[in-house]
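As a plain string of letters, each chain reads:
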Amino acid sequence: MQKRFMAIWFRHLLTDGLARRRPELKDLPFVLAAPVKNRIVITAASAAAEREGAFVNMAVADARAAVPELLAIDDVPGQAAKLLRLIGLGCIRYTPIVALNLPDGLMLDISGCTHLWGGEREYLKEIVLKLRAAGFDARAAIADTPGTAWAVARFAQKRPIIASGAQAIAIAGLPPAALRLEPDILDKLQKLGFRNIGPLLDIAPQSLRRRFGTGLLLRIDQALGRVEEYLEALVPLVPYTERLPSLEPIRTVPGIEIAIEKLLEMLCLRLQADGLGVRKAVLKCHRIDGRKVQVGITTTKGSHSVSHLLRLFKLQIDKIEPALGIELFVMEASRTEEMDVVQEQLWAESKGLGDTSLAELLDRIAGKVGAAAIQRFLPAEHHWPERSIKLAGSLTEQPQTAWPELPRPMRLLNEPESIEVMALVPDHPPKLFVHKGKRHTIAKADGPERIGREWWQDSGQHRDYYVVEDSEGCRYWVFRSGHYDGGDAQWYLHGYFA
Amino acid sequence: MAVANRELIEKLQKNILQWEGYKPPSSGTRGVLGLGPLESAFPNGVFPQHSVHELVCSSSEQAAASGGLVTGILSTLLQKGGVCVWIGRARRLFAPALAAFGVAPHQVIFISLHKDKDTLWVMEEALKCSGLTAVVCELREMDFKQSRRFQLAVENSRVTGFVLRNAKDKLSSTACAARWQVKSLPSTEMNGLPGLGFLRWQVDLLKVRNGHTGSWTLEWQDGYFVPTEEITISEERQVG
């Protein structure tokens with residue numbers, strides 16, 4: 001496919017940007033100025049200032065002679081790149097590849113994008129009008145090469161859309177400066193009387209190289225499309241991305257659902273062909289008010305099932321704020337994982353931790369109530385009950401050590417609850433205990449099981465655990481903190497046995 | 001005549017059960033859970049695996065006992081490497097305890113939730129998931145509509161569901177296959193040794209769909225349910 005590029009030129013980028021932030025400056029003659037060699041020199045002039053005779057590279061003092069009410073504002077270096085970046089991000093809705101063209105322009109790779117807006121003319125009009133409405137004096141041009149588009153945007157009076165292959169005709173009438181040349185080459189061309197690019201194109205390349213070096217030849221070749229020029233995209237492209245522009249702004253839930261389903265169908269088809277599954281996907285919705293809202297999903301296991309991913313996204317739809325409407329949906333699979341596609345059917349019957357439907361269930365639950373609610377425990381190498389289990393890192397992680405074989409209660413209280421006990425003999429299990437005002441007479445007891453503190457982690461008393469059974473048959477896990485004769489011995493209830 | 005009538009009635013009953021989705025037991029399925037005489041209370045004499053069971057527990061002790069019984073049943077259900085989801089409140093259940101009942105705690109996925117609304121949603125989603133073997137859920141209240149939804153979900157996915165229900169007030173009717181109540185009973189001495197014996201419960205079936213109710217005593221002995229008949233409660237036992 002023939003590549004098409006669009007160059008956007010901002011004639012007063014910095015001053016327009018400032019006037020946008022400070023509306024009172026609009027239509028006033030003002031300049032941005034910075035000190036250069038002990039002189040304050042204008043670095044950018046607003047349209048009004050230029051009309052009255054204050055231009056870039058003039059000293060502010062000289063300009064004041066021409067325009068007495070001239071307002072000079074300190075120039076902040078790096079502002080142009082920042083502004084262009086912001087505008088560029090806004091342009092991503094028109095094409096995924098937007099490149100900065102410092103100091104005052106953007107370069108868009110629009111191949112295959114324009115038909116969505118009904119043709120190149122409408123596409124260009126849409127962008128330029130939108131930028132002008134935002135307060136930027138923008139000019140744009142479309143051509144086969146970035147070089148020609150750049151030249152036409154800045155130097156041509158009319159016809160911003162150059163037909164495919166017509167670069168030579170388009171730039172023949174433009175001045176040599178339209179070729180993005182170094183100042184000394186421009187000076188030389190000026191001295192030799194080259195007012196237009198046209199005559200340069202007729203000269204044999206060897207002679208041009210001898211006189212002007214390879215720089216000029218490269219620029220000519222780039223403009224004509226003999227040498228390819230690469231753009232560095234502002235936002236790195238995610239390999240698995242799908243875009244869905246909508247004819248009319250979408251505001252309703254069913255509309256968003258349809259959009260998500262369509263995007264997922266396209267995305268999953270590609271992923272399936274490559275044997276990959278989504279681990280993390282992001283849906284970016286570009287709204288017509290220029291803002292962007294996004295929601296994301298994650299999965300516990302790579303998946304390219306449209307129905308599953310759609311269900312995960314459906315849980316997130318209420319987080320999308322469509323405001324006036326969404327005009328572009330972008331679905332990115334920001335993390336993918338290789339999948340065992342072949343084995344899937346064969347093992348569909350086996351129930352286990354590797355089961356696909358289980359992973360899908362957990363994804364849905366995580367989407368609804370948060371991933372923190374889902375826990376899987378593995379034994380930890382600690383005897384202290386509170387530390388004897390740890391959370392598993394993944395769904396398929398297997399225990400490294402065996403589970404404890406000593407009796408452990410079915411329910412463990414988060415905090416041991418203090419009880420009053422009566423024991424007949426020191427170091428014997430209690431005869432009765434009172435918990436929450438209820439008296440439990442103990443009929444049988446097992447123990448003690450002494451569990452010491454881990455001195456390298458915390459200090460304090462050890463615990464002597466007893467399994468006790470009261471006269472009604474209920475079984476409890478109680479412990480005495482510390483030695484009986486220590487004076488500070490305290491009894492606690494810590495759990496319930498089955 | 002009377003014999004012929006009884007035969008006819010039995011045949012009709014079997015037909016009704018079949019229409020309601022209870023398959024006649026194939027050989028080898030009877031008594032697999034080892035619940036002994038208790039299983040005869042269920043239709044066809046088989047524990048209904050693909051349905052929702054409800055266990056009412058009015059105290060923490062009863063909840064622990066119910067948990068024990070459910071885990072004992074799970075140990076058979078999960079034998080083939082299945083996975084169980086246990087939905088409950090934050091960190092109530094102590095995972096290592098499951099090991100004593102023959103369930104590998106790492107085969108159980110715990111989901112801790114605070115709101116009953118979320119719990120119901122997660123429970124229903126889990127019951128619909130055919131990749132699971134069993135789902136256990138701790139709930140405060142469940143109404144008929146919700147239990148009906150659970151039952152419908154289970155009929156498609158063939159998962160076993162257990163609902164541990166806090167029953168402080170009057171119990172509303174549900175569409176569950178059975179309503180259980182488990183109470184701890186004092187254990188008996190083992191060969192005259194001091195200390196606790198095997199875990200022993202009184203298991204009551206308060207309601208069984210197409211079956212009959214009853215009360216049984218079960219013990220958990222080294223990985224198996226052992227039905228016991230006599231209940232001995234002696235108050236005068238001494239400690240140690």
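The structure under discussion appears in the preceding block.
These figures come from a predicted structure and were not determined experimentally.

## Notes on the overall build of chain A
- In terms of regular secondary structure, chain A is built from 15 helices and 20 strands.
- Here chain A holds 498 residues, and the buried ones make up 47% of them.
- Taking contacts inside chain A between residues at least 6 apart in sequence as the whole, the part at least 24 apart equals 56%.
- Carbon and sulfur atoms make up 53% of the accessible area of chain A, which totals about 25,700 Å².

## Examining the side chain of His440(A)
- Looking at the element boundaries, His440(A) is found in strand S17 (residues 438-451).
- A distance of 3.0 Å separates polar atoms of two side chains, one belonging to His440(A) and the other to Asp470(A).
- Looking at His440(A), its side chain comes within polar contact range of the side chain of Tyr476(A), at 3.3 Å.
- Excluding residues that lie within four positions of it along the chain, His440(A) makes contacts with Lys431(A), Leu432(A), Phe433(A), His435(A), Asp470(A), Tyr476(A) and Glu61(B).

## Looking at unusual backbone geometry
Residue and element names in this part refer to chain A.
- The phi torsion at aspartate 27 lies on the positive side, around 70°, for a residue other than glycine.
- The residue aspartate 27 is located in the loop between helix H1 (13-21) and strand S2 (30-36) in this model.
- With relative accessibility at 66%, the residue aspartate 27 sits in the exposed group.
- Although it is not a glycine, alanine 323 sits at a positive phi angle of roughly 50°.
- Assessed through its relative accessible area of 28%, alanine 323 is described here as partly exposed.

## Examining the pattern of salt bridges
- Under the defined criterion, the tally for this structure stands at 33 salt bridges over all chains.
- We note a salt bridge from Asp289(A) to Arg287(A), for which the minimum N-O separation is 3.0 Å.
- Asp289(A) sits in the partly exposed class, given a relative accessible area of 36%.
- Classification of Arg287(A) as buried rests on a relative accessible area of 9%.
- Residues Glu469(A) and Arg475(A) are paired through a salt bridge, measuring 2.9 Å at the closest nitrogen-oxygen approach. Of the two residues, Glu469(A) and Arg475(A), both sit in the buried class.
- Here the salt bridges share partners, and the residues they tie into one network are Arg364(A), Glu124(B), Glu125(B), Lys128(B) and Arg149(B).

## Some words on a nonpolar patch on the surface
Residues and elements named next belong to chain A.
- Taken together, Met422, Leu424 and Val425 make up a surface patch of nonpolar side chains, about 290 Å² in accessible area.
- Summarising the element assignment, methionine 422 is placed in strand S15 (residues 411-422).
- Overall, the relative accessible area of 41% leaves methionine 422 in the partly exposed class.

## Observations concerning the sheet that holds strand S1 (residues 52-57) of chain B
- Overall, mixed pairing links the ten strands, which are arranged S12(A)-S3(B)-S2(B)-S4(B)-S5(B)-S1(B)-S6(B)-S7(B)-S8(B)-S9(B) in an open sheet. In this open sheet, the two strands that pair with only one neighbour each are strand S12 (374-375) of chain A together with strand S9 (224-228) of chain B.
- As paired strands, strand S6 (residues 178-185) of chain B and strand S7 (residues 199-208) of chain B are joined by eight bridges and run antiparallel to one another. Residue pairing across strands places Ala178(B) opposite Val208(B), the latter belonging to S7(B).
- Sitting on the sheet, helix H4 (residues 116-128) of chain B touches S1, strand S2 (84-88), strand S3 (108-112), strand S4 (134-139) and strand S5 (160-166) of chain B, and the angle it makes with S4(B) is about 170°.

## So, the layout of surface pockets
All names here are of chain A.
- One number sums up the size of the largest pocket: a volume of about 1,300 Å³.
- Around the largest pocket sit 43 residues that line it, and Ile87, Leu89, Gly90, Cys91 and Ile92 are the ones nearest its centre.
- Broken down by secondary-structure element, the contributors of at least two residues to the lining of the largest pocket are H1, helix H4 (79-91), helix H5 (120-133), strand S8 (241-250), strand S9 (276-287) and strand S11 (326-338).
- A domain split of the lining of the largest pocket shows at least three residues from each of domain 1 (5-82 + 91-141) and domain 2 (241-365).

## Quick word on the packing of H4(B) against helix H5 (residues 144-157) of chain B
All names here are of chain B.
- Across the interface, H4 lies against H5 with an axial gap of 7 Å and an inter-helix angle of 20°. Relative to H5, the element H4 lies roughly parallel. The segment H4 lies against H5, with Leu120, Met123, Glu124, Leu127 and Lys128 engaging Gln146, Arg149, Phe150, Ala153, Val154 and Ser157.
- Split into classes, the residues belonging to the contact of H4 with H5 amount to six nonpolar, two polar and three charged.

## Thoughts on the interface of chain A and chain B
- Facing the 54 residues of chain A at the interface are 62 residues of chain B.
- For the pair chain A and chain B, the summed buried area comes to about 4,900 Å², and 63% of that belongs to carbon and sulfur atoms.
- Seen at the junction of chain A and chain B, the total is two salt bridges.
- Arg364(A) serves as the salt-bridge partner of Glu125(B), at 2.6 Å between the closest nitrogen and oxygen.
- Counting residues per element, the side of chain A that touches chain B draws most heavily on helix H15 (residues 356-369) of chain A, which supplies eight residues.
- Grouping the constituent residues of the side of chain A that touches chain B by class yields 31 nonpolar, nine polar and 14 charged.
- Pairing of S12(A) with S3(B) involves two bridges; the strand directions are antiparallel. Looking at the pairing, Ile374(A) lines up with Ile111(B) of S3(B).

## Observations concerning the packing of H1(A) against H4(A)
All names here are of chain A.
- Relative to each other, H1 and H4 sit at 70°, their axes nearing to 10 Å. In terms of orientation, H1 and H4 fall into the roughly perpendicular class. When H1 is examined against H4, the residues Leu13, Leu14, Gly17 and Arg21 are found in contact with a partner set consisting of Gln79, Ala80, Leu83, Leu84 and Ile87.
- In the contact of H1 with H4, the residues fall into six nonpolar, two polar and one charged.

## Considering the packing of aromatic side chains
Residues and elements named next belong to chain A.
- Applying the stated rule across the entire model yields 21 aromatic pairs over all chains.
- Centre to centre, the rings of tyrosine 465 and phenylalanine 479 are 4.9 Å apart; their planes meet at 50°, and the pair counts as tilted. Placement of tyrosine 465 in strand S18 (residues 463-470) and of phenylalanine 479 in strand S19 (residues 475-481) is noted, with a sequence separation of 14 residues between them.
- Given a relative accessible area of 1%, tyrosine 465 falls into the buried group.
- Phenylalanine 479 sits in the buried class, given a relative accessible area of 2%.
- Three or more aromatic residues joined by ring pairs form one cluster here, namely Tyr465, Trp477, Phe479, Tyr492 and Phe497.

## Quick look at the nonpolar core
- Within the largest apolar cluster, 71 residues are counted, with the highest numbers of intra-cluster contacts made by Leu69(B), Leu74(B), Trp180(B) and Trp201(B).
- Sorting elements by how many residues they give to this core places helix H2 (residues 60-77) of chain B first, with eight residues.
- Counting residues domain by domain, this core receives three or more from each of domain 3 (375-405) and domain 4 (411-496) of chain A.
- Among residues more than four places away in sequence, those in contact with Leu74(B) are Cys84(B), Trp86(B), Val103(B), Ala134(B), Val136(B) and Phe162(B).
- Counting residues in each nonpolar core, the second largest holds 33 residues, with Leu13(A), Leu14(A), Cys113(A) and Ile142(A) among its members.

## Some details on the sheet that holds strand S1 (residues 5-10) of chain A
Residue and element names in this part refer to chain A.
- The four strands are arranged S5-S6-S1-S7 in an open sheet whose pairing can be described as antiparallel. Of all strands in the sheet, those bounded by a partner on one side alone are strand S5 (97-101) and strand S7 (138-143). Averaged over all adjacent pairs, the angle separating strand axes in this sheet is 20°, with direction ignored.
- As paired strands, S1 and strand S6 (residues 105-109) are joined by five bridges and run antiparallel to one another. Note on S6: the bridge partner recorded for tryptophan 9 is glycine 105.

Criteria and thresholds
Residues numbered from 1 in each chain as written. Chains lettered and ligands numbered in written order. Predicted model: local features only at pLDDT ≥ 70, side-chain atom pairs only at ≥ 80, totals over all residues. Heavy atoms only, no water. Helix = DSSP H or I, 4+ residues; strand = E, 2+ residues; numbered from the N terminus. Buried < 20%, exposed > 50% of the residue type's maximum accessible area, 1.4 Å probe, protein only. Contact = heavy atoms within 4.5 Å. Areas by Shrake-Rupley, 256 points an atom, 1.4 Å probe, with all protein chains shown as cover. Polar contact = N/O pair within 3.5 Å; in protein donor to acceptor, adjacent residues only side chain to side chain. Salt bridge = Lys/Arg side-chain N within 4 Å of Asp/Glu carboxyl O. Patch = residues over 30% accessible without salt bridge, like charges linked within 9 Å, V, L, I, M, F, W, Y side chains within 5 Å. Pairing = 2+ DSSP bridges. Axes fitted to C-alpha atoms, helices over the stretch in contact; angles between N-to-C directions. 1 Å grid on protein atoms, 1.4 Å probe; cavity = no way out; pocket = protein on both sides within 12 Å on 5 of 7 lines; lining within 4 Å. Points joined across faces, edges and corners; volume = space filled by probe spheres on them. Domains from an automatic or database assignment. Parallel < 35°, antiparallel > 145°, perpendicular 65-115°, else oblique. Nonpolar A, V, L, I, M, F, W, Y, C, P; charged D, E, K, R; others polar. Buried area = accessible area lost by both parts, 1.4 Å probe. Phe/Tyr/Trp six-rings, centres within 6.5 Å; stacked < 30°, edge-to-face > 60°. Core = buried A, V, L, I, M, F, W, Y, C linked by side-chain atoms within 4.5 Å.

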